Amino acid sequence: MTYICVKCQRTWVMDEPTDYVSGGICRECITSYIRSRQIKAGNDACFGEPDECNELESCKYSQYCIT
Ligand SMILES: [Zn+2]
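Model, not experiment: these values are computed from the prediction.

Draft legend 1. Region of interest: the pattern of salt bridges. Under the counting rule described, the total for this entry stands at 2 salt bridges. Here Arg-10 ties to Glu-28 by a salt bridge, and the two come within 2.9 Å at their closest N and O atoms. One end of the pair, Arg-10, is in the loop between β1 (2-5) and β2 (11-13); the other, Glu-28, is in helix α1 (residues 27-40), and 18 residues separate them in sequence. Residue Arg-10 is classed as partly exposed on the basis of its relative accessible area of 35%. Residue Glu-49 is joined to Arg-35 by a salt bridge in which the shortest nitrogen-to-oxygen separation is 2.9 Å. Note that Glu-49 is positioned in the loop between α1 and α2 (62-65) and Arg-35 in helix α1, a separation of 14 residues in sequence. A relative accessible area of 24% places Arg-35 in the partly exposed class.

Draft legend 2. Representation of the coordination of the zinc ion. Coordination of the zinc ion by the protein comes from Cys-5 (SG), Cys-8 (SG), Cys-26 (SG) and Cys-29 (SG), over a distance range of 2.3 Å. Each of the 4 donor atoms around the zinc ion contributes to a set of angles spanning 106 to 114°, which defines the coordination as tetrahedral. The class of Cys-8 is partly exposed, set by a relative accessible area of 39%. Residue Cys-26 is classed as buried on the basis of its relative accessible area of 0%.

Draft legend 3. Representation of the environment of Pro-50. Secondary-structure assignment places Pro-50 in the loop between α1 and α2. For the pair Pro-50 and Cys-65, spaced 15 residues apart in sequence, the C-alpha to C-alpha distance is 6.5 Å. Each residue touching Pro-50, except ones within four places of it in the same chain, is listed here: Cys-65 and Ile-66.

Draft legend 4. Focus on a nonpolar patch on the surface. There is a patch of nonpolar side chains on the surface, built from Val-6, Ile-25 and Ile-30 and spanning about 230 Å² of accessible area. Along the chain, Ile-25 turns up in the loop between β3 (21-24) and α1. On the basis of relative accessibility, which here comes to 40%, the residue Ile-25 falls in the partly exposed class.

Draft legend 5. Spotlight on the environment of Gly-24. Among the secondary structure elements, Gly-24 is positioned in strand β3. Once the C-alpha coordinates of Gly-24 and Gln-9 are considered, the two residues, 15 residues apart in sequence, prove to be 9.4 Å apart.

Rules used throughout
Residues numbered from 1 in each chain as written. Predicted model: local features only at pLDDT ≥ 70, side-chain atom pairs only at ≥ 80, totals over all residues. Heavy atoms only, no water. Salt bridge = Lys/Arg side-chain N within 4 Å of Asp/Glu carboxyl O. Helix = DSSP H or I, 4+ residues; strand = E, 2+ residues; numbered from the N terminus. Buried < 20%, exposed > 50% of the residue type's maximum accessible area, 1.4 Å probe, protein only. Donors = N, O, S within 2.8 Å, 3.2 Å for Na, K, Ca; no water. Tetrahedral: all angles 85-135°; square planar, octahedral: opposite > 155°, others 65-115°. Contact = heavy atoms within 4.5 Å. Patch = residues over 30% accessible without salt bridge, like charges linked within 9 Å, V, L, I, M, F, W, Y side chains within 5 Å. Areas by Shrake-Rupley, 256 points an atom, 1.4 Å probe, with all protein chains shown as cover.

Fair warning: the whole summary comes from geometry, so function is off the table for now.
So this is what it looks like as structure tokens:
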């Protein structure tokens, strides 16, 4: 499936490329979005760097962070 990011219009492919594109949000935009939320909440803006994380269990974003 070919995807296009609805925020930055970057395209990417998962598995096989397709002629049509599916809307989504790219990794970079998810990362910057969640990091801004982390900062607002007073936490470290560590999303996307699970190696840096010392609260993987309690972080509500860990599910997305480590995949
Ligand atoms: Zn994007």
